[in-house]
Amino acid sequence: MRCSSVWFKSVASFALLFASAAIARAEDGSVAWLRYARIANPEKYSLPKRIVVAGTDPVSRNAAAELAKGLQSELGLTTTITDTLADQGAIILTNLQVLAKLLPTPAQAEAVLGAAVDLPPESYKIHSLQMQGRKYLVVQAASPTAELYAVFHILEEIEQGNPLPTFFSSTPSAPIRWVDEWDNLNGTIERGYAGPSIFFENGHVRQDLTRAGKYARLLASIGINGCNVNNVNADLDLLTTEHIKEFARIADVFRPWGVKLALSIDLTSPQTVGGLDTFDPLDPKVISWWQQKVDEIYKLIPDFGGFTVKADSEGRKGPSQYGRTPADAANVLARALAPHHGVVLYRGFVYNNHLDWHDLKADRARAGVDNFASLDGKFEKNVIIQIKEGPIDFQAREPVSPLFAALRQTPQALEVQTTQEYTGQQRHMVWLPSMWKWVLDTDMRVGGRPSHVKDIVTGKTFNQPTGGFVSVVNVGMEPNWLHHPMAMANLYGYGKLAWNPDEPLEKIIDTWTRLTWGNDPEVVRTIDAMQLKSWHVYESYTGPNGMGTLTNILGYHFGPGIESAERNGWGQWFRGEKDGIGMDRTVATGTGYIGQYPKELAEKYESLASCPDDLLLFFHHVPYDYKLHSGKTLVQSIYDSHYEGALAAAEYVPQWESLKGKIDAERYEKTLALFEFQAGHAIVWRDAINNWFRRISGIDDAQGRVGHDPNRIEAEAMKTGGYKMVDVTPWETGSGGRAVECREEKGCTLATTLDKPAGTYDVAVQYFDIWGGVSTYTLSVNGAAVATWKADDKLPPAQADPHLDGQTSTRRTIRHVALKPGDVLELRGVPDLRIGLFHGAQTAGLSGAQGLRMQPDLREFAPVDYIEIGPDGPITPQ
Ligand code: GCW
């Protein structure tokens, strides 16, 4: 990455100057960071009014049109687009191929080109210059797509009010900067949390691909150059001729934005689509089938990017069926793609999900190195091994995968998730670039030398320059793409880090905030600070110390379900036993996984003295009263961390409320509701984990909080009118392990007589909201209603979880309720007993295989867990 500029110098001082004009307009978030809002003092830019675009390439033309649109919107500057350089100043967009035509004399060419005629691929330079008294802003790009990148850069700077540079140049870190979408042809998305697919419906490509085109524009604006549109668990009939013709339509809407289409394929396609009797990658029939299929694709999609492959993993068939290796399979595809410049991204995510949990030496984390290290050097040049950041699966914290250090003659791509599968599913704000940067900056110390992950995947360490970055994004049809307005900062940050892994996090988030929410200094300061701490906050209330995920891994990976990871074949064990907790992955006594790291790192992790606290339980099994480097015992640190984390999540609400009136109402309200949900759900997490630890360790919280909630009134302890007690499973996801349900059509009541001192309180009702059912609740004091609401949320994922558990538990807080001793507080719940909900999932909007598979009883019995009466204040009762 080469990057130089005088352009960025004074971001902070300009912040004050350009405090945004009031934003009153409602916004649905669909334009994301490309709002192009009118800036204060637009006249200070005094830009030329002509945009000269050289050449006829549609991408160059598109770049000019985007620039014209942006300048009009941001500055009110009307420009004309032309292809001739008249006797006037101009903004010139050009690329190496056509520059000579514009600047025919060597002197002119030299003035503009300087020394760097050798612009690296996808790079650009921007010069501001005066020639013969005229003003020029010249974009010199390596390709039409790079012109587009330059245009987005210019517009991004103007939107922040930054001065334009006299000279700026930028080069991407690596050629692979892709996103993956896990979309199925039926329109569903695996691990997608923002509505159905923007690409597919009912087994086909959508007729209307407007959203797909808009998505490509967003991707181009952050330098993404490839998009794999279908699930790595690929539809088996994906590669039929009929489908390929349809995919060509997606490629058509991507093309003006320089985004290449790619596809995930299933290795059995020669059988399932081709009708062959084998898919053995070394069988000549199979080899020739792939060649023909690839040629067929390129006839329709000449700029096709390539294939992503998931094989021998989680039920997908693969080369092991024929005793072949991943290299055998990848190479067959690679040879077919090579003449067309396509690539194969073969996923390193190959593991056995039927491990024997009794075997203390069994370890899923070992799988990457065990399966791939011996194949290093055996792959064709256009094969890239796509490696998840950690050895397990996108948890909130894992060590970096040792496979990055093991492959030295094979290009690699780092795979991360923008979709928040294990990190709150876009109902919790978690700014993941903080985590990715931690991964990228990890030094693997290969051969005792600096070898940071960012240098490995960008090819510097092992001289393998064809790798890069992939992020699973899973945008959906919801207007704002990812559901949580704050989650869009993850996509933006991903693009920026893929372009330049050294880009400071503070700069990335600051730019995103300004583009998305405006330049008001208060808005910028508040949102930047919230986002920057959000990864740590989430980690601290969902499972710190490298425990891995404590989500319900057998369900939807959203709420807590602690022991779901234990005692099954999936290998996400943390081995929480009576004597202690954590996976012993040491070389000395454990699975030996630590030995897969280069020496220095292995020594650091192997020794308890040097193993970092935040990865401890990933590597070691220790007693609950083990003393951390922080000086606390493990169990006390877990208790404290969960209280601190849940409190920090609760504080997002008043922090956000302080911005009321400074941002548009539509996005303000939507975001506020999400923060309120997060505050409540963080408490579900906190209590589940802390109570579970207290039970298994037998050690009390030194501060006496865990298991003692003086402001809480359990539903089952209230006087009930019709409500019946039920067990919550797993027990830790309901307060006291129990809740109440109402099965009477007319509704049921819970009542209690209060002995609180007279005053004003915030009352939180913790209840369960089942997907599909809509119960109604009314809270009243002495018979007078203080709040009525419907349990009509569609909690993630957009699938029906019919259980009372950590995924469906939610809360409603009623603020400023006046109470005095002797008052009767009553909660009335009216269930949703609609027969359609009982008969199946179709009525709840589920379709296809998903609907048939689930068939749950979705009636909602107005379930209640507890009521908490806390102080009247800015924070939800804790
Ligand atoms: O973590 C798992 C997810 C699966 C996913 C798989 C993968 C697409 O839970 O949904 O499958 O990873 O990355 O292949």
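Residues numbered from 1 in each chain as written. Predicted model: local features only at pLDDT ≥ 70, side-chain atom pairs only at ≥ 80, totals over all residues. Heavy atoms only, no water.

Draft legend 1. How the structure looks around the overall build of the chain. Along the chain, the regular secondary structure elements total 23 helices and 28 strands. In terms of C-alpha radius of gyration, the chain reaches 28 Å, essentially the compact-globule figure of 29 Å for 878 residues. Expressed along its principal axes, the backbone C-alpha trace of the chain runs to roughly 90 × 65 × 55 Å. Of the contacts formed within the chain by residues at least 6 apart in sequence, a portion of 75% connects residues at least 24 apart. Summed over all atoms, the accessible surface of the chain reaches about 31000 Å², with 54% contributed by carbon and sulfur. (Helix = DSSP H or I, 4+ residues; strand = E, 2+ residues; numbered from the N terminus. Rg over C-alpha atoms; globule rule 2.2 N^0.38 Å. Contact = heavy atoms within 4.5 Å. Areas by Shrake-Rupley, 256 points an atom, 1.4 Å probe, with all protein chains shown as cover.)

Draft legend 2. Focus on the site of the ligand. Around the ligand, 15 residues are found, and the nearest of them are Glu 190, Lys 310, Arg 347, Asp 393 and Glu 421. Here an oxygen atom of the ligand and a side-chain polar atom of Arg 191 are 2.8 Å apart. Between the ligand and the protein, one listed contact pairs an oxygen atom with a side-chain N or O atom of Arg 347 at 2.7 Å. Contact with the protein chains covers 97% of the free accessible surface of the ligand, which is 340 Å². Of the residues contributing to the shell around the ligand, the split by class is 4 nonpolar, 3 polar and 8 charged. (Near = heavy atom within 4 Å. Polar contact = N/O pair within 3.5 Å; in protein donor to acceptor, adjacent residues only side chain to side chain. Nonpolar A, V, L, I, M, F, W, Y, C, P; charged D, E, K, R; others polar.)

Draft legend 3. Expanded view of the sheet that holds strand 25 (residues 784–791). The antiparallel open sheet is built from 5 strands, whose spatial order is 19-22-27-24-25. The sheet is open, and its two borders are formed by strand 19 (719–721) and strand 25, each paired with just one other strand. Mean inter-strand twist for the sheet, computed between neighbouring axes without regard to direction, equals 15 degrees. Bridging between strand 24 (residues 775–781) and strand 27 (residues 824–830) involves 6 bridges; their strand directions are antiparallel. Opposite Val 781, over in strand 27, you have Leu 825 as the bridge partner. (Pairing = 2+ DSSP bridges. Axes fitted to C-alpha atoms, helices over the stretch in contact; angles between N-to-C directions.)

Draft legend 4. Layout of the nonpolar core. Membership of the largest hydrophobic core comes to 203 residues, with the highest contact counts inside it found for Trp 33, Tyr 215, Tyr 346 and Trp 656. Ignoring any residue separated from it by four or fewer positions in sequence, one finds Tyr 346 in contact with Leu 267, Val 309, Ala 311, Pro 319, Pro 326, Ala 329, Ala 330, Phe 372, Val 383, Ile 384, Ile 385 and Gln 386. Tyr 723, Trp 789, Leu 819 and Leu 825 belong to the second-largest nonpolar core, a separate cluster that totals 28 residues. (Core = buried A, V, L, I, M, F, W, Y, C linked by side-chain atoms within 4.5 Å. Buried < 20%, exposed > 50% of the residue type's maximum accessible area, 1.4 Å probe, protein only.)

Draft legend 5. Geometry of the side chain of Asn 95. Position of Asn 95 relative to the elements: it lies in strand 4 (residues 90–95). Asn 95 gets classed as buried once you look at its relative accessible area, which sits at 4%. Polar contacts involving the side chain of Asn 95 include one to the side chain of Glu 147, which spans 2.6 Å.

Draft legend 6. Quick look at the confidence of the model for the chain. Per-residue confidence for the chain gives a mean pLDDT of 93; residues scoring 70 or more make up 92%. For residues 1–24, every residue scores under 50 in pLDDT, and the model assigns this stretch 61 contacts once sequence neighbours within four places are set aside. Contacts from residues 841–854, a stretch scored under 50 in pLDDT, to residues over four places away or in other chains number 25 contacts. (pLDDT = per-residue confidence, 0-100.)

Draft legend 7. Layout of the packing of helix 15 (residues 488–499) against helix 16 (residues 505–517). The N-to-C vectors of helix 15 and helix 16 enclose an angle of 130 degrees; their axes lie 10 Å apart at closest approach. Considering their axes alone, helix 15 and helix 16 lie oblique with respect to each other. Regarding helix 15 and helix 16, the two cross each other, and that crossing is right-handed. In this structure, helix 15 uses Met 488, Ala 489, Tyr 492, Gly 493, Lys 496 and Leu 497 to contact helix 16, whose residues at the interface are Ile 508, Ile 509, Thr 511, Trp 512 and Leu 515. Along the lines of polarity and charge, the residues of the contact of helix 15 with helix 16 split into 8 nonpolar, 2 polar and 1 charged. (Parallel < 35°, antiparallel > 145°, perpendicular 65-115°, else oblique. Left-handed = near helix turned anticlockwise from the far one by under 90°.)

Draft legend 8. Main features of the sheet that holds strand 15 (residues 383–388). An order of 8-11-12-13-14-15-16-17 is seen for the 8 strands of this closed barrel, with the pairing classed as parallel. Adjacent strand axes in the sheet meet at a mean angle of 25 degrees, parallel and antiparallel pairs treated alike. Across 3 bridges, strand 8 (residues 176–180) lies against strand 11 (residues 226–228) in parallel orientation. Considered in strand 11, the bridge of Val 179 is made with Cys 227. Against the sheet, helix 10 (residues 326–337) engages strand 12 (260–265), strand 13 (306–309), strand 14 (343–347) and strand 15, with an angle of about 160 degrees to strand 14.

Draft legend 9. Looking closely at the pairing of strand 12. In terms of burial, strand 12 is largely enclosed, as 5 of its 6 residues are buried. Relative to strand 12, strand 11 runs parallel, the two being bridged by 3 bridges. Among the inter-strand pairings, Cys 227 is bridged to a residue of strand 12, identified as Leu 261. Handedness of the strand 11-helix 7 (residues 241–254)-strand 12 crossover: right-handed. Strand direction decides the pairing type here: strand 12 and strand 13, joined by 4 bridges, are parallel. When the bridges of strand 13 are listed, Ala 262 appears paired with Gly 306. (Right-handed = clockwise from strand over helix to strand, strands pointing away.)

Draft legend 10. Spatial organisation of the side chain of Arg 575. Residue position: Arg 575 is located in the loop between helix 17 (521–542) and helix 18 (599–606). Salt bridges are absent for the buried Arg 575, whose nearest opposite-charge side chain, Glu 577, sits at 5.2 Å. Among the polar contacts listed, one links the side chain of Arg 575 to the backbone oxygen of Asp 359, at a separation of 3.4 Å. Setting aside its immediate chain neighbours within four residues, Arg 575 contacts Trp 357, Asp 359, Leu 360, Glu 566, Gly 580, Ile 581, Gly 582, Met 583 and His 621. (Lys, Arg positive; Asp, Glu negative; His and termini not counted. Salt bridge = Lys/Arg side-chain N within 4 Å of Asp/Glu carboxyl O.)

Draft legend 11. Just unusual backbone geometry, in detail. Looking along the chain, the bond that leaves Thr 729 and enters Pro 730 is cis, with omega of -5 degrees. Turning to its location among the elements, Pro 730 is positioned in the loop between strand 20 (724–727) and strand 21 (738–741). Its identity as a non-glycine residue notwithstanding, Glu 314 has a phi of 45 degrees, on the positive side. Structurally, Glu 314 is set in the loop between strand 13 and helix 10. Relative accessible area serves as the criterion here: at 28%, Glu 314 is assigned to the partly exposed category. Its identity is not glycine, yet Gln 425 carries a phi of approximately 45 degrees, on the positive side. Position of Gln 425 among the secondary structure elements: in the loop between strand 16 (412–417) and helix 13 (433–440). Judged by relative accessible area, which is 1%, Gln 425 ranks as buried.

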